[in-house]
Amino acid sequence: MTRRPRALSALLLAAVFLLGTGAGQAQAVGYRYWSFWDRDGDHWTYATQGPSTARPADGDVQGFRFAVSEDSQEAAEPRGTASFAAICGGTPARHGHKRVALVLDFGTRADAPSGEAPPAPRRACARVPADATTAEALAAVAPPLRYDTNALLCAIAGYPAKGCGEQVDTALTSPGTTKNVTDKAAGAEKKDGGPSVGLLAGGAVVVALAGAAVWQARRRRHA
């Protein structure tokens with residue numbers, strides 16, 4: 001007579017575990033890294049190439065932003081306005097060279113690795129050979145640069161001192177440092193004003209098990 005109640009208890013615990021697991025999956029996770037941007041008119045667009053392969057033209061404006069982001073769709077763009085005239089207006093053209101305006105946004109304290117503080121934003125005009133890549137332009141005005149073994153840009157002007165694209169719980173970053181990734185995760189749990197399918201399924205399991213427990217109890221009373 002004790003096996004059935006114990007079995008039901010085990011199933012109830014399993015259902016509770018599944019519910020807890022579903023809630024844990026809603027945790028928003030991002031990555032701390034330097035994102036790369038092209039200036040298109042009066043707004044930024046996420047670059048389609050990496051800085052080591054992109055070859056900007058004379059007069060281009062490009063930007064880098066250090067932040068915690070879930071992906072390129074959620075990446076935080078460089079802050080403030082930027083124009084080639086404002087950044088490179090005082091740098092004369094030179095034959096065989098090009099001028100690239102670079103905007104470097106080191107991000108916020110909330111996005112900084114533990115124990116580090118972001119430097120102030122910086123704008124620089126890189127005058128480099130005509131065939132230079134963005135990485136070469138960046139190296140000319142903001143050394144030292146640091147890369148990982150996969151050629152991912154890890155640090156600009158030595159910031160940050162360590163780490164490269166590490167995973168971060170976005171709930172620990174301050175609002176506004178990225179687009180609201182945590183709200184996006186919450187939206188996955190609640191669509192069209194209702195709970196997620198996983199939550200409903202878990203609730204159905206609990207209800208079914210509770211009904212089975214009542215049915216077993218009635219059988220024991222009538223036995």
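Residues numbered from 1 in each chain as written. Predicted model: local features only at pLDDT ≥ 70, side-chain atom pairs only at ≥ 80, totals over all residues. Heavy atoms only, no water.

K.L.:
Provide a residue-level description of the environment of Leu102, including the pertinent values.
P.N.:
Relative to the helices and strands, Leu102 resides in strand β4 (residues 97-105). A relative accessible area of 0% means that Leu102 is categorised as buried. For the pair Leu102 and Asp60, spaced 42 residues apart in the sequence, the C-alpha separation amounts to 8.6 Å. With residues near it in sequence (within four places) discarded, Leu102 still touches Gln62, Phe64, Ile87, Arg122, Arg123, Ala124, Ala126, Ala137, Leu138 and Val141. (Helix = DSSP H or I, 4+ residues; strand = E, 2+ residues; numbered from the N terminus. Buried < 20%, exposed > 50% of the residue type's maximum accessible area, 1.4 Å probe, protein only. Contact = heavy atoms within 4.5 Å.)

K.L.:
Account for the nonpolar core, with residues named and values stated.
P.N.:
Trp34, Phe64, Leu102, Leu104, Leu138 and Ile156 are the most contacted members of the largest nonpolar core, which has 20 residues in total. Contributions of two or more residues to this core are made by β1 (29-40), β3 (61-69), β4, β5 (122-129) and α3 (134-141). The element that contributes the greatest number of residues to this core is β4, accounting for 3 residues. Dropping the residues within four chain positions of it, Trp34 is found in contact with Phe64, Arg65, Phe66, Asp105, Phe106, Leu153, Cys154, Ala155, Ile156, Tyr159 and Pro160. (Core = buried A, V, L, I, M, F, W, Y, C linked by side-chain atoms within 4.5 Å.)

K.L.:
Tell me about the side chain of Glu116, and please be specific about residues and values.
P.N.:
Looking at the secondary structure, you find Glu116 in the loop between β4 and β5. For the buried Glu116, no salt bridge exists, and the shortest N-O distance to an oppositely charged side chain is 6.3 Å, to Lys162. Among residues more than four places away in sequence, those in contact with Glu116 are Tyr159, Pro160, Ala161 and Lys162. (Lys, Arg positive; Asp, Glu negative; His and termini not counted. Salt bridge = Lys/Arg side-chain N within 4 Å of Asp/Glu carboxyl O.)

K.L.:
Describe in detail the state of the cysteines, supporting the description with residues and values.
P.N.:
Evaluation of the coordinates by the stated rule reveals 2 disulfides. Between Cys88 and Cys125 runs a disulfide, and the two sulfur atoms are separated by 2.1 Å. Linking Cys88 and Cys125, the disulfide has an S-S dihedral of approximately 110 degrees and is accordingly described as right-handed. Placement of the pair is Cys88 in helix α2 (residues 84-88) and Cys125 in strand β5, with a sequence separation of 37 residues. Overall, Cys125 belongs to the buried group, its relative accessible area being 17%. Covalently, Cys154 is tied to Cys164 through a disulfide, its sulfur atoms 2.0 Å apart. (Disulfide = S-S within 2.5 Å.)

K.L.:
Which residues make up the pattern of salt bridges, and what values do they have?
P.N.:
Evaluated as defined, the whole model comprises 4 salt bridges. When the shortest N-O distance is used, the salt bridge between Asp58 and Arg99 registers 3.5 Å. One end of the pair, Asp58, is in the loop between β2 (43-46) and β3; the other, Arg99, is in strand β4, and 41 residues separate them in sequence. A salt bridge links Arg65 to Asp105; the shortest N-O distance between them is 3.8 Å.

K.L.:
I'd love a proper account of unusual backbone geometry, names of residues and values included.
P.N.:
If a residue is not glycine, its phi is most likely negative; likewise, a peptide bond is most likely trans. Pro144 follows Pro143 through a cis peptide bond whose omega is -5 degrees. Tracing the chain through its elements places Pro144 in the loop between α3 and β6 (146-147). In this model, Tyr159 is joined to Pro160 through a cis peptide bond whose omega is -5 degrees. Relative to the helices and strands, Pro160 resides in the loop between β7 (153-155) and β8 (167-169). Positive phi outside glycine occurs at Ala157, with the angle close to 55 degrees. With respect to the secondary-structure elements, Ala157 resides in the loop between β7 and β8. For Ala157, a relative accessible area of 23% gives the class partly exposed.

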